[in-house]
Amino acid sequence: MTVDAQPKPAAFLDRDGVLNVDVGYLHRIEDLVWVDGAKDAVRKLTEAGFMVFIVTNQSGIARGYYDGSQVERLHAHMSAEIDAAGGRLTDSRYCPFHPEHGRPAWDRFEGWRKPAPGMLLDLMNVWPVRHKGSFLIGDKASDVAAAEAAGIPGYLFDGGSLSAFLEAVPEFSAPSVLPPAS
């Protein structure tokens with residue numbers, strides 16, 4: 001992971017229901033089905049100069065359905081497919097915590113579970129994210145609430161083409177928020 005010192009806006013994307021079809025507790029590569037236009041949307045964001053992050057609640061870990069290594073393997077696969085399509089995932093965060101299921105070791109991630117902003121704030125701390133022009137796309141009210149708690153706008157995606165949806169996001173269509181071309 002290379003961190004560019006130049007602050008840039010970021011697009012925070014929920015995973016299940018935004019990038020991939022929500023099949024319920026996705027953790028196996030063979031079960032991955034991309035949302036229409038998802039890879040194209042990430043390519044557009046990359047070309048426009050945004051950092052692109054996945055932020056996803058993964059209660060399946062707390063429920064014992066799978067572990068973090070399976071999520072990380074899936075994210076690496078998704079990243080490779082997006083790279084092949086001309087885009088780039090900058091980084092990702094997932095939250096294994098669930099208040100009704102879990103182990104004390106996951107309690108430290110309580111502030112990461114959306115609607116809490118912990119995953120976004122952690123990425124903003126690690127990467128030079130410029131708040132102006134940054135945004136989140138999610139498919140649940142808890143995603144939008146996490147964005148607002150992190151100080152950025154959130155947009156509710158209700159299906160269809162993610163690429164087409166992205167075109168209507170003001171932060172994406174406002175070139176003044178991006179750094180000048182070099």
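This text follows the structure it describes.
Below or above, wherever it landed, is the structure these notes cover. Computed from a predicted structure; not experimentally measured.

**So, the sheet that holds strand β5 (residues 154-156)**
Within the open sheet, the five strands sit side by side as β3-β2-β1-β4-β5. Their pairing is parallel. In this open sheet, the two edge strands, each paired with only one partner strand, are β3 (91-95) and β5. Strand after strand, the sheet turns through a mean of 20 degrees between neighbouring axes, direction not considered. Pairing geometry for strand β4 (residues 135-138) and β5, over three bridges, is parallel. From the neighbouring strand, L136 faces β5, where its bridge partner is G154.

**Things to note about helix α1 (residues 38-47)**
Listing the buried residues of α1 in full gives A38, A41, V42, K44 and L45. Looking down the long axis of α1, one finds its buried residues gathered within 160 degrees of arc, a one-sided arrangement. Immediately downstream of α1, the backbone of G49 shows phi near 95 degrees, a positive value.

**Section: the environment of Q58**
Here Q58 lies in the loop between β2 (51-57) and α2 (59-62). Separated by 19 residues in the primary sequence, Q58 and H77 place their C-alpha atoms 17 Å from one another. With sequence-adjacent residues up to four places away left out, Q58 is seen in contact with R15, D16, L26, Y66, V71, Y94, C95 and P96. A distance of 2.7 Å separates polar atoms of two side chains, one belonging to Q58 and the other to T56. Within the local environment of Q58, its side chain forms a polar contact with the side chain of Y66, the two groups lying 2.5 Å apart.

**Regarding the pattern of salt bridges**
A complete count under the given rule lists 13 salt bridges for this structure. With its nearest N and O atoms 2.7 Å apart, the salt bridge here joins K114 to D14. Of this pair, K114 sits in the loop between β3 and α4 (118-126) while D14 sits in the loop between β1 (10-13) and α1; the two residues are 100 residues apart in sequence, bridging distant segments of the chain. The salt bridge involving R93 is made with D91; its shortest N-O contact spans 3.1 Å. Here the two residues R93 and D91 agree in accessibility, since each one is buried. Through salt bridges with shared partners, one network takes in D40, R43, K44, E47 and E167.

**Some words on the packing of aromatic side chains**
One pair of aromatic rings is described through two measures. These are the centre distance and the angle between the planes. Tallying each qualifying case throughout the model produces seven aromatic pairs. With a centroid separation of 5.7 Å and an interplanar angle of 75 degrees, the aromatic rings of F50 and F135 are classed as edge-to-face. Remark: F135 occurs in strand β4 and F50 occurs in the loop between α1 and β2; sequence separation between them is 85 residues. Residues F50 and F135 agree in their burial class; the two are buried. Arranged with centres 6.2 Å apart and planes meeting at 55 degrees, the rings of F53 and W127 form a pair that is tilted. Taken as a pair, F53 in strand β2 and W127 in the loop between α4 and β4 lie far apart in primary sequence, 74 residues in all. A relative accessible area of 4% means that W127 is categorised as buried. Put simply, the rings of F50, F135, Y155 and F172 touch in pairs and so form one group of aromatic residues.

About the cut-offs
Residues numbered from 1 in each chain as written. Predicted model: local features only at pLDDT ≥ 70, side-chain atom pairs only at ≥ 80, totals over all residues. Heavy atoms only, no water. Pairing = 2+ DSSP bridges. Helix = DSSP H or I, 4+ residues; strand = E, 2+ residues; numbered from the N terminus. Axes fitted to C-alpha atoms, helices over the stretch in contact; angles between N-to-C directions. Buried < 20%, exposed > 50% of the residue type's maximum accessible area, 1.4 Å probe, protein only. Arc of directions from axis to C-beta. Contact = heavy atoms within 4.5 Å. Polar contact = N/O pair within 3.5 Å; in protein donor to acceptor, adjacent residues only side chain to side chain. Salt bridge = Lys/Arg side-chain N within 4 Å of Asp/Glu carboxyl O. Phe/Tyr/Trp six-rings, centres within 6.5 Å; stacked < 30°, edge-to-face > 60°.

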